[in-house]
Structures are given as structure tokens and as C-alpha cells.
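# Structural description and commentary
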Amino acid sequence: MATKKSAPVMHVALLRGINVGKAKRIAMADLRELCTALGYGNVQTLLNSGNVVFSAPRADAKAAAKIEKAIEKQHGFTSRVVVVTADQLRAIVEENPFEEAESNPSRFLVTVLYDHADRARLAALAKQDWGSERLALGKHAVYSWCADGILESPSLVALNKVLGDAGTNRNWATIRKIQAMMST
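So, here is what we can say about the structure in this document. Nothing here was measured: the structure is a model prediction, and the numbers come from that model. (Residues numbered from 1 in each chain as written. Predicted model: local features only at pLDDT ≥ 70, side-chain atom pairs only at ≥ 80, totals over all residues. Heavy atoms only, no water.)

## What about the overall build of the protein?
As a reminder, the rule being used: Numbered from the N terminus, helices here are DSSP runs of H or I no shorter than four residues, and strands are runs of E no shorter than two. Each radius of gyration is computed over the set of C-alpha atoms, and the globule rule expresses the reference value as 2.2 Å times the number of residues to the power 0.38. Summary of the burial criterion: residues with accessible area below 20% of their type's maximum are buried, those above 50% are exposed, and those between are partly exposed, where the area comes from a 1.4 Å probe applied to protein chains only. Whether two residues touch is decided by their heavy atoms; if any such pair falls within 4.5 Å, the residues are in contact. For the area figures, the Shrake-Rupley method with a 1.4 Å probe applies, and any residue is considered shielded solely by the protein chains shown. Counting rule for charge: Lys and Arg are taken as positive, Asp and Glu as negative, and neither His nor the chain ends is counted. Every charge is mapped to an atom, namely NZ of Lys, CZ of Arg, CG of Asp or CD of Glu.
If you tally the helices and strands in the protein, you get seven helices and eight strands. For 184 residues, the compact-globule estimate of 2.2 N^0.38 gives 16 Å, and the C-alpha radius of gyration of the protein, at 17 Å, lies within 12% of that figure. In terms of its C-alpha atoms, the protein occupies a principal-axis envelope of roughly 60 × 45 × 30 Å. For the protein, the proportion of its 184 residues judged to be buried stands at 45%. Once local pairs closer than 6 in sequence are excluded, the contacts in the protein between residues at least 24 apart make up 70%. Within the structure as shown, the protein displays about 9800 Å² of accessible surface, and the carbon and sulfur contribution to it stands at 52%. Each charge sign in the protein was given a centre, from 24 positive and 18 negative side chains, and these centres are 7 Å apart.

Written out as C-alpha cells, the structure is:
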């Protein structure tokens, strides 16, 4: 009797702080090769900012560590990596509390957390009054509506100060593009 082969699990690796300025440069073709060499399939990148979609036979809880180690070995620098599955990304999208995201995605950031325990450090920020800005905590991410733009957003500055490198930001348009890539 033939065994039924399960469908591969789609993942996205979100790299923090690469290709910003002159430091930590990595070509997306090199990043695709790196992930393919680690044994991942269907490897694709989005934009030039470290978004790598790939498949694995099952959810790979060690993918972030593997990718971080390979980047350091092959490129000589470190980059924090958070990996979420397609199901986890779907939950992040569904948890979005701000309707404004769809109409103005460049003013809406999603900060995907490396460790869900970091949510506790952010509770006080989420309760603060940010004027026209808003901040909300989800299970896997923090949602930041930056009404006046992201460059000088007080709530985003505070969020990044508390988190340090314990999360990575993507705007809503990028999140939705990644989600579309993962579902094809």
C-alpha cells in the first residue's frame, strides 16, 4: 500500500537589517542559493530586503538558526532571522486590528517577534495614548499604525527601543505580497 505524501509546509524567513545602507549586503540570488543549499525547496525572494519564501517537508522550528548560521559563515556578518509558516502568517494577517492597513499600507507596519515572550515587554506601550498613531499586540506580531508616516513615528521609535533586535518590521504591502507568494 502506498503512503500518502503530505504537502510541503511553506515558510518565510524575514531577515533583519540586511541591505540597509552599505553594511550587511547580500544579493537575493545568493540568499536563494543559501536556502537551497540548506535543503529547502521552492525558494523565492521578495524585494531586496531579506524576505525568503521556501518550502520544507514539515514545519522547521530550526530554520531561523540554520539560516542565521549559514549567513554568518558565508557572508561574514550576522542577521537576526525570524521564520514563520504560511499558517502563522495567515494568523498574523487575520489578527490585524486596523482597517487603515488596506487603504494606506505604507503607514502600517507589522513587527514579527522572534520570541512570543517579548509581548510582555510591550504591554505598557500598547496601552499608551499615541495620538493619531496606534499600537496593538497580537499573538505573533505587533501592529503599528503610523498616521503621519513611519520615519519619525514616536510609537515606532519607542517600540524599536524596547525590542532592540527582538523583532523585524515589514509594511503591510510586503506582508500581503509574502502571503500571496506562500499560497501559490
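## Thoughts on the pairing of strand β4 (residues 81-85)
Using the following cut-off: In short, DSSP must find at least two bridges between two strands for them to pair.
Extensive coverage of β4 is indicated by the burial of five of its five residues. Residues of β4 alternate between two faces, with Val 81, Val 83 and Thr 85 on one and Val 82 and Val 84 on the opposite face, all of them buried. The sheet contact formed by strand β1 (residues 9-15) and β4 spans five bridges and is antiparallel. Bridge pairing in β4 links Ala 13 to Val 83.

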